[in-house]
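Take a look at the letters that make up each chain.
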Amino acid sequence: MSIKVLIIGSGPAGYTAAIYAARAGLKPVLYTGGQPGGQLTTTNDVENFPGYPDGINGPQMMIDLQKQAERFGTEIKYGLVTAVDTTKYPFPVTVDEKDLISAESIIIATGATAKYLGIPSEEKFANRGVSACAVCDGYFYRGKEVAVVGAGDSAGEESTYLSKLCTKVHLIVRRDEMRASKIMQQRVLNTPNIQVHWNTETDEILGDEQGVTGVRIKNNKTGQKTELAIQGFFLAIGHKPNTDLFKGQLDMDEAGYLVVKPGSTKTNVEGIFAVGDVADKVYRQAITAAGSGCMGALDAEKFLAAKEADVAHA
């Protein structure tokens, strides 16, 4: 017997899809993946999700969403989907490289992973001054001095966003130019409280028990090291969508994000839908992920209803 709706991933998109699919009587099965709860489990305070006037702890929010999904009959399974065959129907799916199941529809909610520099202090000060999302966490640094590392449009956007909240923003750029669009570069350079550090790399993030207190930067040309007193360190060097599983099977853009048909969550394979950050490189917010999760469940419901109608008329 095949699963009617298989959901791969357990962030806001996956759990919202599960809530809607379960309420529609589709008995969804959700596999949590390697990071149950997704990126929000690495965030202490979520203050911009509607319905939480006092904010909420990220991991607690994911527990709440899981409970809500289970309340309506979602079966939550702790496991990693390791293979999907999109050429057969129902879709054969392998879990943990050994267990074979089949699904009549699949909602992909595997998310994206922020890229990090790879220095130990990033992990040490995660949620204590180190962040990969200025829109999510910038509010906590009002009136403080911060640093952003990156050279693309994302780094430009994060820097200009933070410049409205913070007294000063240090933008750390590895080369002598930015990769960002010309208009974004102009915005950065025309913002008085953004200081660009050219030809510069992050040597170490500094801090104590309270969190980040500074960053040591190194000039690539002179080798000179300088310490900047900051309270927040923001990574803006990109995200990697978790789509390796579907390479060669589903349409992706050049960065690896799944491509969906405009105004829907439909991929190029009928019966497979993509929701949340795995198909969104623009907004990447919990609320937009949840919204697309709802869309994915509704799209899957329509797809299955049409399939049943075809069988009935056959």
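See the structure shown above.
Residues numbered from 1 in each chain as written. Predicted model: local features only at pLDDT ≥ 70, side-chain atom pairs only at ≥ 80, totals over all residues. Heavy atoms only, no water.

1. So, the state of the cysteines
- Counting across every chain of the model gives one disulfide.
- Paired through a disulfide, Cys133 and Cys136 show a sulfur-sulfur distance of 2.1 Å. Because the sign of the S-S torsion sets the handedness, a value of about 70° for the bond joining Cys133 and Cys136 places this disulfide among the right-handed ones.
- No disulfide involves Cys166; its sulfur sits 13 Å from that of Cys133, the nearest cysteine.
- Using a relative accessible area of 6% as the deciding quantity, one classes Cys166 as buried. (Disulfide = S-S within 2.5 Å. Buried < 20%, exposed > 50% of the residue type's maximum accessible area, 1.4 Å probe, protein only.)

2. Here we look at the packing of aromatic side chains
- Overall, the coordinates contain five aromatic pairs when judged by the stated rule.
- Centre to centre, the rings of Phe273 and Phe303 are 6.2 Å apart; their planes meet at 70°, and the pair counts as edge-to-face. Here the residue Phe273 occupies a position in strand β20 (residues 272–274), and Phe303 occupies one in helix α7 (residues 286–313), the gap between them amounting to 30 residues. The same class applies to Phe273 and to Phe303, which are both buried.
- Taking NZ or CZ as reference, Arg23 lies 5.1 Å from the ring centre of Phe72, over its face.
- One cation-aromatic arrangement involves Lys307 over Tyr89; the distance from NZ or CZ to the ring centre is 4.4 Å. (Phe/Tyr/Trp six-rings, centres within 6.5 Å; stacked < 30°, edge-to-face > 60°. Helix = DSSP H or I, 4+ residues; strand = E, 2+ residues; numbered from the N terminus. Lys NZ or Arg CZ within 6 Å of the ring centre and 35° of its normal.)

3. Things to note about the pairing of strand β12 (residues 145–149)
- Along β12, four of the five residues are buried, which leaves the element largely enclosed by surrounding structure.
- Pairing analysis gives five bridges linking β12 to strand β13 (residues 168–172), with the strands arranged parallel. If you follow Val148 over to β13, its bridge partner there is Leu171.
- Each parallel crossover has a hand, and the one from β12 via helix α5 (residues 153–163) to β13 is right-handed.
- With four bridges joining them, β12 and strand β18 (residues 232–235) adopt parallel strand pairing. Counterpart to Val149 in the pairing with β18 is Leu235. (Pairing = 2+ DSSP bridges. Right-handed = clockwise from strand over helix to strand, strands pointing away.)

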